[in-house]
Every structure is written in C-alpha cells, then in structure tokens.
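Overview (structure and organization)
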Amino acid sequence: GMSIAVLGPTFPNLAANVGKNVSDIYYIFVGRSLGYLGGSVIGGVLFDCMNASLLLALSMVATTVGLYGIPWCKDSLLLTALMSVIGGSMGILDTGGNVLALNTWGAEAGPHMQALHFSFAVGAFVAPILAKMALGGSESKELPVVEKTNQSVLKSVPTASAASATPALQDHLEEDFLWSYVVIGTYLLLVSLFLFVLYSKGSSARDKSKTSLQKDKLAKYHCALIGLLFIFFLFYVGAEVTYGSYVFTYAVVFAEMKESEAAALNSVFWGTFAACRGLAIFGAAFLYPGTMITLSLAASAVSSSALAFFAHYRASLWGGTAVYGASMASVFPSGISWIEQYTVVEGKSASLFVVGAALGEMCIPDVVGYLQGRFHHIPVVMYAAFVSSVMTVVLFPVMYKLATSPRENDLKEVSDIETQKALLSNSRLTEDEE
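Calculation rules
- Residues numbered from 1 in each chain as written.
- Predicted model: local features only at pLDDT ≥ 70, side-chain atom pairs only at ≥ 80, totals over all residues.
- Heavy atoms only, no water.
- UniProt positions renumbered as here; feature names shortened; annotations may be inferred.
- Helix = DSSP H or I, 4+ residues; strand = E, 2+ residues; numbered from the N terminus.
- Salt bridge = Lys/Arg side-chain N within 4 Å of Asp/Glu carboxyl O.
- Buried < 20%, exposed > 50% of the residue type's maximum accessible area, 1.4 Å probe, protein only.
- Core = buried A, V, L, I, M, F, W, Y, C linked by side-chain atoms within 4.5 Å.
- Domains from an automatic or database assignment.
- Contact = heavy atoms within 4.5 Å.
- Expected span 1.5 Å × (residues − 1).

An unreviewed UniProt entry lists the protein under the name Sodium-dependent glucose transporter 1, with Manacus vitellinus as the source organism. Note on the protein: under the UniProt heading Sequence similarities (unreviewed entry), the record states "Belongs to the major facilitator superfamily."

As for the environment of V30
With respect to the helices and strands, V30 occurs in helix α3 (residues 27–46). Taking the C-alpha atoms as reference points, V30 and T80, 50 residues apart in sequence, are found 8.5 Å from one another.

With respect to the pattern of salt bridges
Taken as a whole, this structure holds one salt bridge when the rule is applied. The partner of E261 in a salt bridge is R314, and the shortest N-O contact between them spans 3.1 Å. Of this pair, E261 sits in helix α12 (residues 259–283) while R314 sits in helix α14 (residues 314–328); the two residues are 53 residues apart in sequence, bridging distant segments of the chain. Using a relative accessible area of 27% as the deciding quantity, one classes E261 as partly exposed. Judged by its relative accessible area of 38%, R314 falls in the partly exposed class.

Things to note about helix α15 (residues 331–340)
With respect to burial, α15 is a largely interior element, nine of its 10 residues being buried. For α15, every residue scored as buried is listed here: V331, F332, P333, S334, G335, I336, S337, W338 and I339.

As for the nonpolar core
One finds F232, Y243 and L317 to be the most contacted residues of the largest nonpolar core, which totals 56 residues. Those elements that provide at least two residues to this core are α5 (76–105), α11 (222–253), α12, α13 (289–310), α14, α15, α16 (347–374) and α17 (380–403). With 15 residues, the top contributor of residues to this core is α11. Composition of this core by domain shows at least three residues from each of domain 1 (1–137 + 172–199) and domain 2 (220–403). Those residues in contact with L317 that lie beyond four places of it in its chain are Y243, Y250, A255, M257, L265, L307, A311 and M382. Counting residues in hydrophobic clusters, the runner-up holds 39 residues, among them L14, A15, I28 and L130.

Thoughts on α3
Look at α3: 28 Å from first C-alpha to last across 20 residues, which is about the 28 Å you get at 1.5 Å a residue. All of the buried residues in α3 are I28, G31, R32, G35, Y36, L37, G39, S40, G43 and G44.

Structure (structure tokens):
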C-alpha cells in the first residue's frame, strides 16, 4: 500500500529528477501497470511450484531495490523500468498473499483475509502523510512569495528549468524526497527478513497446500466460476478506482463545489472505505463471506442509484458517497474467501482474480475519462458506478447457482445413502413380520 501510494504526492519531484514536466512522464504509470499484470500472471505460476514464503520475501526485496533506486534515477526510461519492477513485485505479492492466507487458515481465513486487505488501505493512507512530512518543509521554502492560486501552483511544479535555477534548494528537496522512499524501502526489507526466517525454519506451507488440494474437490463448474469471478472483480475494482479518481472533478464541475469541499467529499469516500474494511475484520468472524457480499452489493446498488439519479441533491451526494465507499470495502477479500468454500483456489486462479482487478483499474477509468470528454454535460462517472453495480448484482447470483450445483460424485453418494436407508428399512419390516 505504501509503495504504491507514495508515487502520487512525489510525482512532481520524480518529474524534476529526470528533467521532465509532469505531463511528459505519464508512461511510468503504464509501466507499473504492465509490470503488475505480468507479476500477477507469473506469481500465479510460481506459487504452484515453489515455497510461498521464499517467493514473497524475494518479491519484497525486489520492491526494496526499486524504491531505493528511484530517487537517484535521472533517466525517464530507467525510471519506467524501476516502476515496472515494483509493479511486478506488487502483482506477485497480491497474488501470493491471498493464496498464502487461504492455505494457512483454510475455511477460517475470512477475518485474516479482511485484515490482509485492510493493511493495504492503511499503507495507502500512511504513504501520502509520510511524503507530505518529507516534502512539506522544502515546499514552504520554495514558494514563499507565490500567490496561492491554482495557476500559480501549477506553474510552481518543479521542472528541469526550475531545478537548474535553484540548485541549492533542489539539493535540499532531493534529500527530503529521498527520505520517504528510503523509509518505505527499509520497512519492506525488514518484513522480508521475517519471511526469510520462516523459509529457513522449514515453512511447509506449500506441502500443506498440496495435501489440502488432494483432499478438496473442484466445483462442478470450476472454470466458469473462476471466469465469472474474474469479470466480477474487473467491474468491482474498476468502479472503486473510477469513483475515487473522478468524484473530485464531478463535485467541482457538476455540483459546483469549492475545491476544499470537493476534496472533503473525496476524503469521505476513501475514509468510509478504509474504516469499513477495518470493521470487516470483526464482521468476518460472525458472518459468512456470502452474507457479507450480499450486504455489500445491496448497499452498493442503493447508493449508486442515489448517485446516478439524485446526486443533484447535496444530501444524496454526500450520503451516497459515504455508503458507496463503505459498500466497496469488503467485497474483494470476501469474494476470495467465498469462492474458496466451493472450489480449490490455486496460485493460477488467484492470479486471474488479481489480473481481473488490475484490468478493471486500468480500463474502466480510461473509458469513463474518454466518454466524459466526449459528453461534457453528462455525469458519466455516476452512471458508470450504477452500471458496474448492476453488473456485480447480476453476476453474484449466477456464481452462487454454479457454486452450489451438486457434483456427480455427490449425487452418487446421496443415492447410495438413500439405497442403504431403504435396505435397512426393508430389513426391519421383514424382522417385524417374522
């Protein structure tokens, strides 16, 4: 969470570091996303053939190397390569974390899965604060006489020319800029040491998972279930990222809010998201994953409907945003815990879930941005939230029907039991007659 979220607040400094404007290095996001997709696919294969603790530890070391190298990177292509490395290791970590949690706790993985995904939200929340602490002092020194307007702020974004004009200030800025990446990289390195210790002590998570796979059975429609859940996560994560990315713009353009008020609305969405993801840890101890998904989808349907058709009312906009953020919190971890109850979730299956989420995060915001540019007077983001909610509400009952379909072996076992009962009842009647 920290290693992904730190990019946003330090993005202008990265641009200045490689001598580019902010608008000229957008492709580093593409590099990280492609690396994430590749890492998710590769991780799914590797987790089925090597020790999970070792692979997670190596992935965290790779992330550390990338974070340590970014502040010293003076070339945009090298920066993109480092971002791809970090994205790839993040894809492996996301896939492996879910698989390892299922292999470790099995049917009781619900609260642990919620805690795993809550930790991501905490990291994403902490990283901007850490970056702000590192860069706050230098930014205040850099802009002592600049008027606080949107245009002046945009003009004051560090660029190559600004860096050359004030070398002493830029050196101080780079030291603070370096500090935030070093802290996060060091933290990841320490965590990787714990995983190396687990591996050195003969952690047999992979052997245990093999044994469990031999005992468990695939669902009758295993491939269809995995494919539908792939689509389900694509719409869910895509809607989550899209709304979080565009709600500020919607509030300013359509709701005619001040920027401070629009920022507060954006914070409400992510705040309720993080808070309810934390509460879901305790909720998973008492509720079945299917129940949590049903409640979340119902709240998502109601809130997205209010946002799509009644957002012109301020109360509906604020309330709908809060409920929509809360409804998004537990769906992804609950979905993985739910599918594990009905079929075997291997590394390759988990990688498909992560890839589906990544594709939704990449594609749906782009489509919404394109449509919003074509249709200026239509609140595309609100209708996108509603359509995505409808898709997930339709998909889940279909998945539930496929997951609960009895397998042929189960039908044979039931018929054998019924035959035995019939024979026993017939034998008792014969004894009474005799």
